[in-house]
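Structural characterization, general
Residue-level listing of the chains:
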Amino acid sequence: MSGDSAAETTVSGHRSSARVVVVGDHATGKSSLIATVASDSFPETVPPVLPITRLPADYFPDGIPVTIIDTPSSLEDKPKVEEELKLADAVVLTYACDQPETLTRVQTYWLPEIRRLKVKVPVIVVGCMLDLRDEHYPINLELEMGPIMQQFREIETCLECSAVNLVQVCHYIRCFSVPLQPSEIVDVKRVVQEKVPEGVNYLGITLEGFLFLHALFIEKGRLETTWTVLREFGYNDDVELQKENLPVPSKKAPDQSVELTREAVDFLKEIFRLFDSNHDGALQDSELDELFSTAPESPWNDAPYKDSAEMTELGDLKLSAFLSQVLTLSSWWQWDLMTLLDPYQSLAYLIYLGYNGDPARALRVTRKRSLDVKKKHTDRHVFQCFVFGTKNAGKSALLSSFVGRPFQNKYNLTTNQCYTVNTVGQLRGVKTTLVLHEIQEDDFRECISNKESLAACNVAVFVYDSSSEYSLKRASELLTCVARQGEDTGYGVPCLFIAAKDDLHPYPMAIRDSEMICQAMKIDAPIRISVKEKRMNDVFHRIVNAAEHCHLGIPETEYGRNKKHFQRLVNHSLILASGIPIYTCISIGAAIAVVAMAAYRAYARRNSNTAK
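Here the structure is a predicted model, which means the values were calculated and not measured. (Residues numbered from 1 in each chain as written. Predicted model: local features only at pLDDT ≥ 70, side-chain atom pairs only at ≥ 80, totals over all residues. Heavy atoms only, no water.)

1. Notes on the overall build of the protein
Counting its secondary structure elements, the protein contains 20 helices and 18 strands. The proportion of buried residues among the 612 residues of the protein is 46%. A separation threshold of at least 6 residues defines the contact pool for the protein, and within that pool the share at least 24 residues apart is 69%. By element, 55% of the accessible surface of the protein is carried by carbon and sulfur atoms, the whole surface being about 32200 Å². (Helix = DSSP H or I, 4+ residues; strand = E, 2+ residues; numbered from the N terminus. Buried < 20%, exposed > 50% of the residue type's maximum accessible area, 1.4 Å probe, protein only. Contact = heavy atoms within 4.5 Å. Areas by Shrake-Rupley, 256 points an atom, 1.4 Å probe, with all protein chains shown as cover.)

2. Thoughts on the sheet that holds strand β1 (residues 18-24)
Read from one edge to the other, the open sheet built from six strands follows the order β2-β3-β1-β4-β5-β6, with strand pairing classed as mixed. The open sheet terminates on both sides in strands that have one partner only, identified here as β2 (53-55) and β6 (155-160). Pairs of neighbouring strands in the sheet enclose a mean axial angle of 20 degrees, with direction left out of account. With five bridges joining them, β1 and strand β4 (residues 90-96) adopt parallel strand pairing. (Pairing = 2+ DSSP bridges. Axes fitted to C-alpha atoms, helices over the stretch in contact; angles between N-to-C directions.)

3. Side note on the packing of aromatic side chains
Any pair of aromatic rings gets described here by the distance separating the centres and the angle formed by the planes. The final tally for this structure, using the stated rule, is 14 aromatic pairs. Between tryptophan 300 and tyrosine 305, the aromatic rings sit 5.7 Å apart at their centres with planes inclined by 70 degrees, giving edge-to-face as the arrangement. Exposure remark for tyrosine 305: the relative accessible area of 5% places this residue in the buried category. With a centroid separation of 5.1 Å and an interplanar angle of 85 degrees, the aromatic rings of tyrosine 349 and tyrosine 352 are classed as edge-to-face. Residue tyrosine 349 and its partner tyrosine 352 are located together in helix α12 (residues 343-352), separated by three residues, close to a single helical turn. You can call tyrosine 349 buried: its relative accessible area is 6%. (Phe/Tyr/Trp six-rings, centres within 6.5 Å; stacked < 30°, edge-to-face > 60°.)

4. Things to note about the pattern of salt bridges
When the charged atoms of two side chains with opposite charge come close together, those side chains can pair. Taken as a whole, this structure holds 25 salt bridges when the rule is applied. For glutamate 84, the salt bridge goes to lysine 80, with nearest N and O atoms at 3.7 Å. Of this pair, glutamate 84 and lysine 80 both sit in helix α2 (residues 78-86), separated by four residues, roughly a single helical turn. Accessibility expressed as a relative area gives 12% for glutamate 84, which makes it buried. For lysine 80, a relative accessible area of 46% puts it in the partly exposed group. The network of salt bridges with common partners includes Lys78, Glu82, Glu113 and Arg116. (Salt bridge = Lys/Arg side-chain N within 4 Å of Asp/Glu carboxyl O.)

Here it is as structure tokens:
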């Protein structure tokens with residue numbers, strides 16, 4: 001996008017330009033406000049709608065060039081106003097101080113309209129023409145705007161101004177690059193102590209005092225002061241912590257994952273107990289809202305975390321879904337999922353909630369899975385399981401049953417990335433977390449085309465409808481593709497076959513065919529389940545067991561067996577040639593290797609053509 005259509009951002013996360021859109025009812029002072037800001041003087045006449053106004057970079061302390069867009073107020077121009085709002089980096093919403101009905105319209109029309117358009121940018125409410133307000137009918141701005149700002153949290157601040165008298169139209173402050181003088185520090189402490197006695201102690205300004213100061217800055221329109229502090233602590237213009245300021249391990253192999261440490265889990269335990277105000281073992285919506293009130297938003301509202309964990313019948317987040325009861329390394333399941341998928345977001349939200357430990361000690365990187373296979377042992381506590389299968393095979397029902405959702409007779413096609421997460425069993429006395437990740441059949445080819453796609457997978461299951469011959473055949477094809485991918489990339493994973501819908505009549509020879517497939521691939525016999533009849537055959541424990549025993553249950557194709565055979569042939573031939581002079585040995589070894597490789601490639605090419 002160009003600088004005129006959206007904010008451009010520098011590498012550090014600070015904006016390099018900003019687009020401010022001014023909206024409001026007719027005759028509320030929009031154009032006069034813009035003209036006064038641009039010229040630093042009140043113009044006698046202004047057109048109904050000003051052309052685009054650009055302020056130079058040196059106009060504001062941050063050194064950011066600003067483009068200001070004036071908007072018309074007529075009904076026929078509403079589409080144009082909507083389009084401008086969607087492109088805004090900030091919105092200035094005006095009302096007229098001498099027309100109380102325009103302030104009412106701010107709350108009843110403009111703010112709901114901005115929300116309807118999903119414009120998620122700061123809103124500054126500005127009362128214009130302060131000089132025209134009847135002095136006999138003063139208003140308390142804080143009392144008037146307080147409830148509105150509580151209802152619409154997107155409001156950054158509210159102020160009233162007079163373009164005629166140049167009151168509050170522009171405000172400059174000094175940045176923190178220049179330290180306060182001792183006398184200034186004394187003055188600041190005095191102001192805080194007068195209003196908030198507990199805001200100052202012998203060490204200096206307390207947290208209460210710090211918060212009071214910034215509330216005062218915002219009330220007085222001195223937003224730059226608060227922004228300077230936020231940026232000093234690594235926040236960007238959206239009040240979100242920037243990735244480059246978070247000590248998340250960046251150097252890790254594709255087959256390594258990130259988990260919460262005991263220290264972080266202990267913090268989450270205390271957070272749950274603190275916000276479970278009625279001690280019912282579940283977090284209600286209001287309690288979750290309060291918990292995440294210091295964060296940009298709740299991370300659980302959107303995919304892939306929404307509906308990923310077990311809830312109560314009333315829709316509350318259960319204690320068991322928030323945190324395991326045992327006082328060992330366990331976790332809030334959704335946090336486990338977020339840490340696995342996006343460790344930066346996980347660490348950021350820990351900090352938003354008040355985590356005061358060393359952020360670098362909140363996360364741990366697991367050992368490489370390839371090394372786990374060699375050592376026949378894993379140190380992980382969170383396992384990710386890829387769930388493959390055809391449409392209507394029973395994948396979604398399996399995921400839903402994992403978090404206790406009731407069986408649905410009606411088939412609903414899943415189109416997005418779907419995860420569910422829960423704790424299953426114990427590893428060395430510690431509960432483990434299992435993440436089920438459903439891979440849609442339509443997404444399978446794209447998934448498998450990535451050479452590192454299986455690196456993040458600890459175990460793969462292939463679900464098929466036990467009453468459908470096609471479903472079994474297709475599951476076998478998917479299993480073969482995954483096995484081949486693992487053999488080619490070195491990211492082979494333990495695999496399980498799951499015969500779903502065991503309550504239906506199997507097609508003839510179904511059991512024999514499925515067992516023959518498993519025997520040929522050297523994996524366990526199919527696990528037969530019926531979600532409808534709640535006969536799960538301990539399937540989730542068996543999935544975790546396969547992930548824990550990562551060196552077992554890795555399928556082998558004929559392709560892979562031939563590859564190993566040729567490699568053994570090469571190694572054996574080199575050993576036999578060890579008594580021959582070195583130069584002869586090298587020649588023979590090279591020749592054998594070339595012949596073996598040529599044969600292997602011919603075999604692989606033939607197999608590839610057959611598959612097509």
